[in-house]
Amino acid sequence: MDDTDLIDAASRARALSHVPYSEFSMAAAVLTDTGEVRVGAVVENVSLGLAMCAERVALFSTVATDAGRPVALALVSPRTSGSLTHPCGACLQVALELGGPELRVLVADPDGTASTETTLAELLPMGPAKRS
Ligand SMILES: [Zn+2]
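Per-chain numbering applies: the sequence of each chain, read as written, is numbered from 1 onward. Per-residue local features are limited, in this predicted model, to residues with pLDDT of at least 70; the limit for side-chain atom pairs, both in listing and counting, is 80 or more; totals at the level of whole chains, interfaces and linings are taken over all residues. Derived side-chain values reflect all non-hydrogen atoms in the structure, with water molecules and hydrogen atoms excluded from consideration.

(A) Expanded view of unusual backbone geometry. Although it is not a glycine, E23 sits at a positive phi angle of roughly 55°. Despite not being glycine, S81 shows a phi value in the positive range, around 50°. Think of it this way: any DSSP run of H or I at least four residues long counts as a helix, any run of E at least two long counts as a strand, and we number them from the N terminus. Mapped onto the elements of the fold, S81 is located in the loop between β3 (70-76) and α3 (89-99). Residue burial is assigned from relative accessible area. The probe radius is 1.4 Å, only protein chains are included, and a residue is buried under 20% of its type maximum, exposed over 50%, and partly exposed in between. Judged by relative accessible area, which is 78%, S81 ranks as exposed.

(B) Region of interest: the nonpolar core. Nonpolar core, defined: a set of buried Ala, Val, Leu, Ile, Met, Phe, Trp, Tyr and Cys residues in which side-chain atoms within 4.5 Å join the residues together. Of all hydrophobic cores here, the largest spans 19 residues; its most connected members are A28, L103 and L120. For this core, the elements supplying multiple residues, two or more each, are β1 (27-32), α2 (54-64), β3, α3 and β4 (104-108). Top contributing element to this core by residue count: α3, with four residues. Apart from the residues within four sequence positions on either side, L103 is in contact with P70, V71, A72, L73, A95, T118, T119 and L120. Residues I7, A72, V76 and A108 belong to the second largest nonpolar core, which totals 11 residues. Note on contacts: a residue pair qualifies if any of its non-hydrogen atoms lie within 4.5 Å across the two residues.

(C) Seen up close, the sheet that holds strand β2 (residues 37-41). An order of β2-β1-β3-β4-β5 is seen for the five strands of this open sheet, with the pairing classed as mixed. Looking at the sheet topology across the chains shown, the edges are occupied by β2 and β5 (115-119). Averaged over all neighbouring strand pairs, the angle between strand axes comes to 15°, with direction disregarded. The sheet contact formed by β4 and β5 spans five bridges and is antiparallel. Bridge assignment links V105 to a residue of β5, and that residue is T118. By the convention used here, strands pair only if DSSP detects at least 2 bridges between them. Helix axes are fitted only over the stretch in contact, all axes being lines through C-alpha atoms; the angle between N-to-C directions runs from 0 to 180 degrees.

(D) A look at the pattern of salt bridges. The term salt bridge refers to a side-chain nitrogen of Lys or Arg lying within 4 Å of a carboxyl oxygen of Asp or Glu. Within this structure, the stated rule accounts for five salt bridges. We note a salt bridge from E36 to R38, for which the minimum N-O separation is 3.2 Å. According to the relative accessible area criterion, R38 is buried, its value standing at 17%. Salt bridges sharing partners connect three or more residues here, namely D3, R104 and E117.

Right, here's the structure in full:
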């Protein structure tokens, strides 16, 4: 699976978003070292603090389904203040635990007109990590 396919998987999963409060549909797709892909969509709740980001839904799914170690994370979302939306700090910390600092992070607009690639190490350079 190439980067375009991973972004497409995340883009398709946006339709699964449960966003009755923000109407901010976003979804993620995670590629693992075994070639598996798991998607996740944002899930809101009337008790707003219980919402869960799409990235963590996808990352947790890799664990719950024994799909392997995440090697790439694609996020497709509307822009935030005019900029491509990147994962929040909580999602970066979870990604660091499960994928490590070399995890590739791809972010893209819903219409695919713009995207960027970085690594978890660039986005969370000083995040606490387990010792190996
Ligand atoms: Zn998040």
